[in-house]
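Results of the structural survey
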Amino acid sequence: MEQRTLQSITSQTADYVKRELAGAEGGHDWWHIYRVWQTARRIGEQEKTDPLVVEMAALLHDIADPKFHNGDEQLGPAKAVAYMQSLGLDAHTVQHVENIIRYMSFKNSLEGPSFYSREMGVVQDADRLDAIGAIGIARAFNYGGFRNRALYTPGLAPNLAMDKETYKHSDAPTINHFYEKLLLLRDRMNTGAGRRMAEERHAFMESYLERFYKEWEGEW
């Protein structure tokens, strides 16, 4: 696809996503999509992947996040498909993007592999990178506040053996989420660029947690 046409499609899609996510929770709003989109574009260029699939999947991956739609895991893929069909995209691209959206989430990875492509690896890495580091910390606590979760409950150990259903219904403190997901992501990156970027962000989270526990006990 020519660059001009790709830009036209992604610009139109960005406008659509902005409208759909107006008023969304701050960790899963348009700016989350924007960051994932830009990161996926850069990684995708290095990985020599299909730019249309990568960019459309990045833009549409949270168009209807199940967390905010009563756990409905069909709504997001369905909305993405309907939108892409309205653009007249070819059936192969539509199905590929749908599969990425359907299977890329962390909770779905707890069930084991079901679909994978190089394009999915790129978008999944970009999404996971936005869940770690400084922005990942901010997003975790923003969502925890949105759900009225405790910051930290001393003595309540993280659950490191959750299956998908347990993960979906967890209401554990936000600090537990670091151990149950965020600190696991560095070792689950798919691409070389993703792994390199994850290293620094992972180290930042470890430093943050060390400081958090000190301040919790009034130390300095």
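Residues numbered from 1 in each chain as written. Predicted model: local features only at pLDDT ≥ 70, side-chain atom pairs only at ≥ 80, totals over all residues. Heavy atoms only, no water.

**Focus: the packing of helix α4 (residues 75–87) against helix α5 (residues 91–103)**
What counts is decided by this rule: Axis angles are defined between N-to-C directions and span 0 to 180 degrees, where every axis is a line fitted to C-alpha atoms and, for a helix, only to the segment in contact. Numbering of helices and strands runs from the N terminus, with a helix taken as a DSSP run of H or I at least four residues long and a strand as a DSSP run of E at least two residues long. Geometric relationships in this document are graded by angle, where less than 35 degrees denotes roughly parallel, more than 145 denotes roughly antiparallel, 65 to 115 denotes roughly perpendicular, and other angles denote oblique. For any helix crossing, the convention is left-handed if the near helix is rotated counterclockwise from the far helix by under a right angle, and right-handed if that rotation is clockwise. Only heavy atoms matter for contacts: two residues are in contact if any of them lie within 4.5 Å across the pair. Asp, Glu, Lys and Arg are counted as charged, while Ala, Val, Leu, Ile, Met, Phe, Trp, Tyr, Cys and Pro are counted as nonpolar; the rest, among them Gly, fall into the polar class.
As a packed pair, α4 and α5 sit with axes 9 Å apart at the nearest point and diverge in direction by 160 degrees. In terms of axis orientation, α4 runs roughly antiparallel to α5. Like other packed secondary-structure pairs, α4 and α5 cross with a definite hand, here right-handed. On α5, the residues that touch P77, A80, V81 and M84 of α4 are V94, V97, E98, I101 and R102. Taken together, the residues of the contact of α4 with α5 break down into seven nonpolar, no polar and two charged.

**Observations concerning unusual backbone geometry**
One non-glycine residue with positive phi stands out, namely K48, at about 60 degrees. Summarising the element assignment, K48 is placed in the loop between α2 (30–47) and α3 (51–60). One non-glycine residue, N148, lies in positive phi territory at about 60 degrees. Looking at the element boundaries, N148 is found in the loop between α8 (133–146) and α9 (164–168).

**Here's the deal with the pattern of salt bridges**
Just so we agree on the cut-off: Within this document, salt bridges are pairs made up of a side-chain nitrogen of Lys or Arg and a carboxyl oxygen of Asp or Glu, the two lying within 4 Å of each other. The rule is simple: take the accessible area with a 1.4 Å probe, protein chains only, and divide by the maximum for that residue type; under 20% is buried, over 50% is exposed, in between is partly exposed.
The full count for this structure, using the stated rule, is 13 salt bridges. Of the charged contacts in the structure, one is a salt bridge between K67 and D65, with a shortest N-O distance of 2.8 Å. A relative accessible area of 36% places K67 in the partly exposed class. For the salt bridge of E73 with K164, the shortest nitrogen-to-oxygen distance reads 2.8 Å. You can see E73 sitting in the loop between α3 and α4 and its partner K164 sitting in helix α9, a full 91 residues away along the chain. Salt bridges linked by common partners bring E73, K164, E165 and K168 together as one network.

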